[in-house]
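In case you want the letters, here they are:
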Amino acid sequence: MIVFATGLVSEAVVTSAAGRCSRPGEPAARAPLTALVLTGHEPLRERLRAAIVGRGAVCRAPATVAAAWRAAGGDHRLVFVDIARPLAGHVDDARAIAETLAQRQGVLLAVCGRPGRADHVPPGGDDEECWARQMGAFVFLPGVGSDAGVGLIVAEATRIVRGGGSG
């Protein structure tokens, strides 16, 4: 983030790493929300993509682990990572990508998992939801039951990204 002032009466202009400029009080970005969906369950991948695009967001939904790692380098504001059904069954890659993206400022992470499951967690024995919450996940989904629920998550993420806060 680069901040600079112009004129005698300063007005801050903030430039993001992606080169977008905004001024205090303006809506964050007029561009659509960008989302990334990482799941090995093809029907869920397509449902999430359709629900996200249906809400006016741009969505990438790679189908391979290599493509997921490449996509993770992009500028996504909302990321769904399915650790219950990861791409190619690679739960370690799904977790590593989630942990990498959780460290980026401005990324809202939605983790799809199963509650109370302690067989795919880092040392310490926490279940998937505890792991997701400790990472700072925006939301934990113990399964994705309805497209309406995904739509609500996308709507809330859009509101947060545009400067509406989180509550």
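Conventions and cut-offs
Residues numbered from 1 in each chain as written. Predicted model: local features only at pLDDT ≥ 70, side-chain atom pairs only at ≥ 80, totals over all residues. Heavy atoms only, no water. Helix = DSSP H or I, 4+ residues; strand = E, 2+ residues; numbered from the N terminus. pLDDT = per-residue confidence, 0-100. Buried < 20%, exposed > 50% of the residue type's maximum accessible area, 1.4 Å probe, protein only. Arc of directions from axis to C-beta. Contact = heavy atoms within 4.5 Å. Polar contact = N/O pair within 3.5 Å; in protein donor to acceptor, adjacent residues only side chain to side chain. Axes fitted to C-alpha atoms, helices over the stretch in contact; angles between N-to-C directions. Parallel < 35°, antiparallel > 145°, perpendicular 65-115°, else oblique. Nonpolar A, V, L, I, M, F, W, Y, C, P; charged D, E, K, R; others polar. Pairing = 2+ DSSP bridges.

Enquirer: How should I be thinking about the environment of Ala71 in this particular structure?
Expert: Looking at where Ala71 falls in the secondary structure, it is placed in helix 2 (residues 65-72). Taking the C-alpha atoms as reference points, Ala71 and Val37, separated by 34 residues in sequence, lie 9.6 Å from one another.

Enquirer: Can you walk me through the confidence of the model for the chain in this structure?
Expert: Per-residue pLDDT for the chain averages 79, and the proportion of residues at 70 or more is 71%. Element-level pLDDT for the chain is lowest in strand 2 (residues 13-15), with a mean of 37, against a maximum mean of 97 in helix 2.

Enquirer: How should I be thinking about helix 4 (residues 128-135) in this particular structure?
Expert: Given 3.6 residues per turn, any residue in an α-helix points the same way as the ones three and four places further on. For helix 4, the complete set of buried residues consists of Glu128, Trp131, Ala132 and Met135. Down the axis of helix 4, the buried side of the element spans an arc of 95°, and every buried residue falls inside it. Elements that come into contact with the buried residues of helix 4 comprise helix 3 (91-102), strand 7 (108-112) and strand 8 (139-141). Capping the start of helix 4 is the job of one residue whose side-chain oxygen sits 3.2 Å from the backbone nitrogen of Glu129: Asp127.

Enquirer: How do you make sense of the packing of helix 3 against helix 4 when you look at a structure like this?
Expert: Helix-helix packing is described using two parameters, namely the angle between the two axes and the distance between the axes. One can describe the packing of helix 3 onto helix 4 by two numbers: an axis separation of 10 Å at closest approach and a directional angle of 25°. Overall, the two elements helix 3 and helix 4 adopt an arrangement that is roughly parallel. Residues Arg95, Ala98, Glu99 and Ala102 of helix 3 pack against Glu128, Trp131 and Met135 of helix 4. Grouping the amino acids of the contact of helix 3 with helix 4 by side-chain chemistry returns four nonpolar, no polar and three charged.

Enquirer: How should I be thinking about the sheet that holds strand 6 (residues 78-82) in this particular structure?
Expert: Across a sheet, paired strands are connected by hydrogen bonds in the backbone, their directions being either parallel or antiparallel. The strand order across the open sheet built from five strands is 5-4-6-7-8, with neighbouring strands paired in parallel fashion. Looking along the sheet, the strands with just one partner apiece sit at the ends: strand 5 (58-60) and strand 8. Put simply, the sheet's adjacent strands are angled 20° from each other on average, direction ignored. Strand direction decides the pairing type here: strand 6 and strand 7, joined by five bridges, are parallel. Along strand 7, the bridge assignment pairs Asp82 with Cys112. Helix-sheet contacts for helix 4 involve strand 7 and strand 8, and the interaxial angle to strand 8 is about 160°.

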